[in-house]
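Listed below are the residues making up each chain.
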Amino acid sequence: MRTHLAPRPWSPVAVLPSVSAEQSRPAPRTPEAPAPIARPHAPRRDAPPAYALMTTFARYSAPVAAALAALTLGTATVAAREQPRPEAAVTCPADEEAMLRVKAAKQAPYGASARALAKQALSAKYRAAPDHPLMKHRAEVQRRLELLGLLRTSGDHLHISDVDLEHGGAVLRAAIGLNPLVKTVTSTLSVDGVPEPFAKKHLSAGQFARYRAQQPSEDAAPPEDGPVPTMTELIAGSLDELEVIVLEKQLRVQHLTAQRDQISQAKRIFVNMSFGQSPDRLATGMAEMIMTAPPGSALHALAEKTLGEKLVTPPDDMGFEEPTFSFCDASAPADPAPMDEDLGPPDAAAEAEFAKLEAQFAAIKKKLVYPALTKAMQRPEFQARMKQARDGLDRALVDARRVGILVFEAAGNEYADADRSGNPAMSMSMSTGAKHMLRIGALDLGRLGDPKDDRVAEFSAAGRVAVASQGTKLPVWFQLGHVEESEGTSFSSPLTAGVGVAVAAAAKDPNLTPDGIARLLVDPRAVHDIPGTTRDGAGALDDFAAVILAANPKLDRGTIDRAWQMLAAKDADVPAVKRLLGLAS
């Protein structure tokens with residue numbers, strides 16, 4: 001499951017008091033918008049969708065319905081000041097996705113549950129099983145670094161800036177729960193936007209007008225009836241959103257910089273942003289809007305003209321049934337049935353109809369939406385707006401680094417979708433071009449510890465990427481009463497940020513700057529290049545090598561590899577390895 005869907009990063013929020021550090025849940029596929037209908041089990045979580053996805057497809061894509069319900073989630077801020085620690089397994093048996101589905105009818109229970117999960121995320125209460133392959137591999141990295149005395153208490157701080165508490169909890173779990181490389185680190189999770197006066201002060205008049213227009217009220221819901229937008233209006237709205245998501249990141253970085261000492265007195269603050277937007281995600285939303293436009297509308301006519309045939313009408317029974325229990329309710333079934341079983345399998349006729357609907361959707365996206373959106377994005381006025389937005393973000397990132405703040409960003413998850421639609425570049429995050437953002441791609445690792453098996457995950461976006469880290473089979477999402485696997489660059493990014501914390505703690509220079517940390521993470525000696533692609537940036541990040549290199553920047557890659565091999569034995573000659581690495585006291 002990826003998680004790249006970010007419900008309204010600019011939503012109003014309620015603030016919760018500080019709590020002890022935790023993390024929480026597995027996601028359908030990663031943060032940018034819900035997955036296209038052709039991907040029944042992959043809602044993503046990374047950026048605000050331009051238009052609400054329609055629930056008529058929930059019969060075949062239940063996670064999309066769950067993602068829709070999450071769009072109106074009341075958000076909150078949670079903070080932590082304790083070392084993460086493992087605790088007993090969760091006892092609540094309720095189905096997390098069912099909780100999402102029931103939220104529309106029971107807003108209060110859902111909001112309370114989301115906040116509870118966020119607190120649990122910060123306290124690391126629910127962790128992956130230690131026998132999970134990834135946890136076993138990372139424990140081995142931990143063991144070898146401990147032998148060398150390089151796992152040190154961190155004096156730094158980790159801040160997760162997200163748009164949704166559940167997604168933010170999973171992101172924090174990836175940063176800390178999957179990272180045993182630091183003995184302790186203080187953490188905060190925030191889904192706050194910035195105050196309107198702050199935004200007005202830091203944006204141009206035109207930028208602020210467009211930014212403000214993209215801020216719906218907390219309880220705003222897409223109208224069921226009303227005027228159907230024209231294609232021109234859909235394009236204009238999409239262009240505004242592509243700009244506004246960059247402005248949102250700029251403002252958040254500036255606000256963090258302004259509040260730096262209120263967040264933490266630590267020497268350095270590592271910030272992760274696992275939300276974003278790509279043209280492909282917007283194209284998906286536009287295609288769905290067009291597909292469901294009422295007969296007689298201009299959009300409906302345009303769709304049928306593009307296809308050269310009549311649009312498939314989704315059957316009336318494609319909606320989902322509301323469950324009657326709420327999250328952690330004592331009356332909830334001990335073993336709730338999977339959502340697909342709740343709804344019953346579709347019959348052969350329905351499957352054939354859905355296959356045709358999928359084909360029409362793909363054709364609308366590729367033949368109509370992509371060309372129109374690409375042409376609009378090439379207009380000089382839009383190019384100028386985006387340059388101004390990216391330059392503003394880059395200036396904010398430079399200012400942040402001056403006060404010890406290093407920002408990481410998830411690259412996005414639409415590569416495979418964009419490739420199928422004919423233009424892989426449409427998967428790029430719109431903040432690509434801001435040089436001081438550490439954008440992280442996702443890896444699909446084969447045999448853990450064997451770099452020859454590493455490859456870039458099929459969904460990991462194109463564009464300027466710093467490095468890539470594990471992005472599949474990640475035990476970070478909370479569901480069905482325990483931690484489950486998920487996938488997406490949403491988790492690769494915080495995982496890398498966590499390694500950055502370990503690098504800083506082990507560094508020979510205790511005053512290593514954010515610029516110095518960034519250089520170490522992309523150093524050729526700290527990565528393994530994956531041939532035949534640029535989507536891995538400098539390469540696949542090697543946690544062990546990065547920490548060793550921080551302790552002794554003069555080492556070559558061959559020496560680091562020899563040390564790794566020597567430490568494999570249980571009776572390894574540790575003093576000899578330390579001498580080899582120049583770490584002997």
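Residues numbered from 1 in each chain as written. Predicted model: local features only at pLDDT ≥ 70, side-chain atom pairs only at ≥ 80, totals over all residues. Heavy atoms only, no water.

S.K.: Residues and numbers for the pairing of strand β4 (residues 186-190), please.
M.R.: With 4 of 5 residues buried, β4 lies mostly within the body of the structure. Pairing of strand β3 (residues 157-161) with β4 involves 5 bridges; the strand directions are parallel. Each residue of the ladder has a partner; that of Leu 158, found in β4, is Ser 187. A crossover links β3 with its parallel partner β4, the connecting element being helix α5 (residues 165-177), and its sense is right-handed. (Buried < 20%, exposed > 50% of the residue type's maximum accessible area, 1.4 Å probe, protein only. Helix = DSSP H or I, 4+ residues; strand = E, 2+ residues; numbered from the N terminus. Pairing = 2+ DSSP bridges. Right-handed = clockwise from strand over helix to strand, strands pointing away.)

S.K.: Could you give me a rundown of the environment of Ala 303, with the residues and numbers involved?
M.R.: With respect to the secondary-structure elements, Ala 303 resides in helix α11 (residues 298-307). As for Ala 303 and Leu 368, which are separated by 65 residues in sequence, their C-alpha atoms are 8.0 Å apart. Every residue in contact with Ala 303, bar those within four places of it in the chain, is listed here: Ile 290, Leu 311 and Ile 364. (Contact = heavy atoms within 4.5 Å.)

S.K.: Could you give me a rundown of the pattern of salt bridges, with the residues and numbers involved?
M.R.: Throughout the structure, instances matching the rule amount to 21 salt bridges. With its nearest N and O atoms 3.0 Å apart, the salt bridge here joins Asp 156 to Arg 268. Here Asp 156 is found in the loop between α4 (133-147) and β3, whereas its partner Arg 268 is found in the loop between α9 (260-263) and β5 (269-273), with 112 residues between them in sequence. Of the two residues examined, Asp 156 and Arg 268, each falls in the buried class. In this structure, Arg 210 engages Glu 243 in a salt bridge whose closest nitrogen and oxygen atoms are separated by 2.5 Å. Of the two residues, Arg 210 is situated in helix α7 (residues 205-213) and Glu 243 in helix α8 (residues 231-258); the sequence distance between them amounts to 33 residues. The class for Glu 243 is buried, based on a relative accessible area of 0%. (Salt bridge = Lys/Arg side-chain N within 4 Å of Asp/Glu carboxyl O.)

S.K.: I'd love a proper account of the packing of α11 against helix α13 (residues 348-377), names of residues and values included.
M.R.: Two measures define how a pair of helices packs: the angle their axes make with one another and the distance between the axes. Two elements in contact, α11 and α13, have axes whose closest approach is 10 Å; the angle formed by their N-to-C orientations is 90 degrees. As far as their axial angle goes, α13 and α11 are roughly perpendicular. Here α11 contributes Leu 302, Ala 303, Thr 306 and Leu 307 to the contact with α13, which in turn contributes Gln 360, Ala 363, Ile 364, Lys 367 and Leu 368. Along the lines of polarity and charge, the residues of the contact of α11 with α13 split into 6 nonpolar, 2 polar and 1 charged. (Axes fitted to C-alpha atoms, helices over the stretch in contact; angles between N-to-C directions. Parallel < 35°, antiparallel > 145°, perpendicular 65-115°, else oblique. Nonpolar A, V, L, I, M, F, W, Y, C, P; charged D, E, K, R; others polar.)

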